[in-house]
Amino acid sequence: MRFHLHPARACCPLAVAMLLLPMTAHAQVFEVIHPDVERGGFELEVLGGTSLAGVASGDERAAFEIGLSFGVTDFWKTGLAVEIADPKVGRLEYEATEWENMFLLFGDHGEDHEHGHESGAGLGALGFYVKLEIPNAGGIDDGAIVVGPALEARFGAVETVFNLFAEFPFEGGEDPGLVYAAQASVPVAEGLALGAEVHGGWEGAFGDDVPLSDNTHVAGPALYGKIAAGQGRVIEPRLALLFGLTDESPDAVASLNLELKF
């Protein structure tokens, strides 16, 4: 799906929504990984998450992730990202480094996936995602590798993206976990789409039974923009309001992500 929108028109609803949100937070960043690769293309991402509930002194009130990736071939994209936490009391903290890779198994290279016909369904793209997480505290010994499929599909006018990743901690005593994310969106205006997202996971999913209520699961509406900035550059803002589904989940999170492709 390709959107063209003047920057002011795309950013206005996102900015108004953010101004209405209180800026106290229990930090968390949320992203749905798309299976797209463009050879020679760069992607700069700035992800941010803010909880809408107050936090105790010393807890994280906001979280950020900044990453840059590059399409090495028609099927492989690689990049580095850093995680930063903003505690309620204290300075910004560098938390972790991530090495991310997307291997496109099939799909258009760097193009929007206009699959299916007017009311048909189509599989847009399938990729395999690999991420190495290295925390600042503990280093690689306390890190993990995250792997799994990222799928994009269209059902009539509805465009969907699904992630299902397994997380394997390097520390021997921890069982692998599962992480999932999904989004569905429909265009509502030129350069603007409205949808919904769900995110969550299970720690130790392959070990002893872990109740659903003991893990984080959130869902809520999302707004997506796409701005053609000239000279092949595209800006993609996204705002989601995610609400906790379990006792272990944050009550509500404002998640604002910005992506620049060039």
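Scroll up to find the structure this text is about.
Conventions and cut-offs
- Within every chain, residues take consecutive numbers counted from 1 along the sequence as written.
- Only residues with pLDDT of 70 or above have their local features reported here, since the model is predicted, and side-chain atom pairs are shown and tallied only from 80 upward, although totals for entire chains, interfaces and linings are computed over all residues.
- The side-chain values count all of the structure's non-hydrogen atoms but skip hydrogen atoms and water molecules.
- Numbering of helices and strands runs from the N terminus, with a helix taken as a DSSP run of H or I at least four residues long and a strand as a DSSP run of E at least two residues long.
- Each residue's exposure class comes from its accessible area (1.4 Å probe, protein chains only) as a fraction of the maximum for that residue type: buried when under 20%, exposed when over 50%, partly exposed otherwise.
- In what follows, residue pairs with any heavy atoms lying within 4.5 Å of each other are defined as contacts.
- Methods summary: accessible areas were calculated by the Shrake-Rupley approach with a probe of 1.4 Å, and residue burial reflects only the protein chains presented.
- Put simply, buried Ala, Val, Leu, Ile, Met, Phe, Trp, Tyr and Cys residues joined by side-chain atoms within 4.5 Å make one nonpolar core.
- Pairing of aromatic side chains requires ring centres within 6.5 Å, counting the rings of Phe and Tyr and the six-membered ring of Trp. Pairs whose planes differ by under 30 degrees are stacked, by over 60 edge-to-face, and all others tilted.
- Between Lys or Arg on one side and Asp or Glu on the other, a salt bridge is scored when a side-chain nitrogen of the former is within 4 Å of a carboxyl oxygen of the latter.
- Strands are treated as partners if at least two bridges between them are detected by DSSP.

Novice: Mind showing me how you'd approach the overall build of the protein here?
Specialist: Scanning the protein from N- to C-terminus turns up one helix and 13 strands. Sequence-ordered secondary structure for the protein, helices as α and strands as β, is α-β-β-β-β-β-β-β-β-β-β-β-β-β. In the protein, which comprises 262 residues, the share counted as buried stands at 44%. Within the protein, contacts between residues at least 6 apart in sequence are counted, and of these 57% link residues at least 24 apart. Total accessible area computed for the protein in this model is approximately 13,100 Å², and 61% of it derives from carbon and sulfur atoms.

Novice: Where do I start with the nonpolar core in this structure?
Specialist: Generally speaking, soluble globular proteins have nonpolar side chains that are buried together. Ranked by size, the top nonpolar core spans nine residues in total: I33, V37, M102, L104, A125, Y129, V146, A150 and F165. Contributing elements (two or more residues each) for this core: β4 (93-107), β5 (121-135) and β6 (144-155). Other than its neighbours up to four places away in sequence, I33 contacts M102, Y129, A150, V161, N163 and F165. A222, Y224, L242 and V253 belong to the second largest nonpolar core, which has eight residues in total.

Novice: In this structure, what is going on with the packing of aromatic side chains? I would like to understand it.
Specialist: The geometry of two aromatic rings is summed up by the distance between their centres and the angle between their planes. What the rule picks out here adds up to five aromatic pairs. Taking the centre distance of 4.7 Å and the plane angle of 45° together, the rings of F42 and F70 count as tilted. Highlighted residues: F42 in strand β1 (residues 42-51) and F70 in strand β2 (residues 60-71), separated in sequence by 28 residues. Given the relative accessible area of 31%, F70 is considered partly exposed. Centroid distance F42 to F262: 5.4 Å. Interplanar angle 10°. Geometry classified as stacked. Of the two residues, F42 is situated in strand β1 and F262 in the segment after β13 (252-261); the sequence distance between them amounts to 220 residues. Judged by relative accessible area, which is 42%, F262 ranks as partly exposed. Grouping aromatic residues by their ring pairs yields a cluster made of F42, F70 and F262.

Novice: I'm lost on unusual backbone geometry in this one. Help?
Specialist: Negative phi values dominate among residues other than glycine, just as trans dominates among peptide bonds. Phi is positive for Q231, close to 55°, though the residue is something other than glycine. Here Q231 shows up in the loop between β11 (227-230) and β12 (233-244). Judged by its relative accessible area of 75%, Q231 falls in the exposed class.

Novice: For this particular structure, what's the right way to read the pattern of salt bridges?
Specialist: It is possible for side chains of opposite charge to pair when their charged atoms get near one another. In the structure shown here, the tally under the stated rule is nine salt bridges. Here D36 makes a salt bridge to K77, at a shortest N to O gap of 3.1 Å. You can see D36 sitting in the loop between α1 (7-19) and β1 and its partner K77 sitting in strand β3 (residues 76-87), a full 41 residues away along the chain. An identical accessibility class is assigned to D36 and K77; each is buried. With a closest N to O distance of 2.6 Å, E197 and R238 form a salt bridge. One end of the pair, E197, is in strand β9 (residues 192-202); the other, R238, is in strand β12, with 41 residues separating them in the sequence. Comparing E197 with R238, the two get one shared label, buried. Through salt bridges with shared partners, a single ionic network connects D36, E43, K77, K226, E236 and K261.

Novice: Hey, could you run me through the environment of G41 in this one?
Specialist: Note on placement: G41 falls in the loop between α1 and β1. Sequence separation between G41 and V72 is 31 residues, and the spatial gap between their C-alpha atoms is 8.2 Å.

Novice: Teacher, can you tell me more about the pairing of β9 here?
Specialist: Bridge analysis of strand β8 (residues 177-189) against β9 gives 11 bridges, and the strand direction is antiparallel. If you follow V186 over to β9, its bridge partner there is L194. If you look at the hairpin formed by β8 and β9, you'll find two residues sitting between the two strands, and G191 has a positive phi there, around 80°. In the sheet, β9 pairs with strand β10 (residues 217-225) via nine bridges, with the strands oriented antiparallel. By the bridge assignment for β10, V198 is matched with A219.

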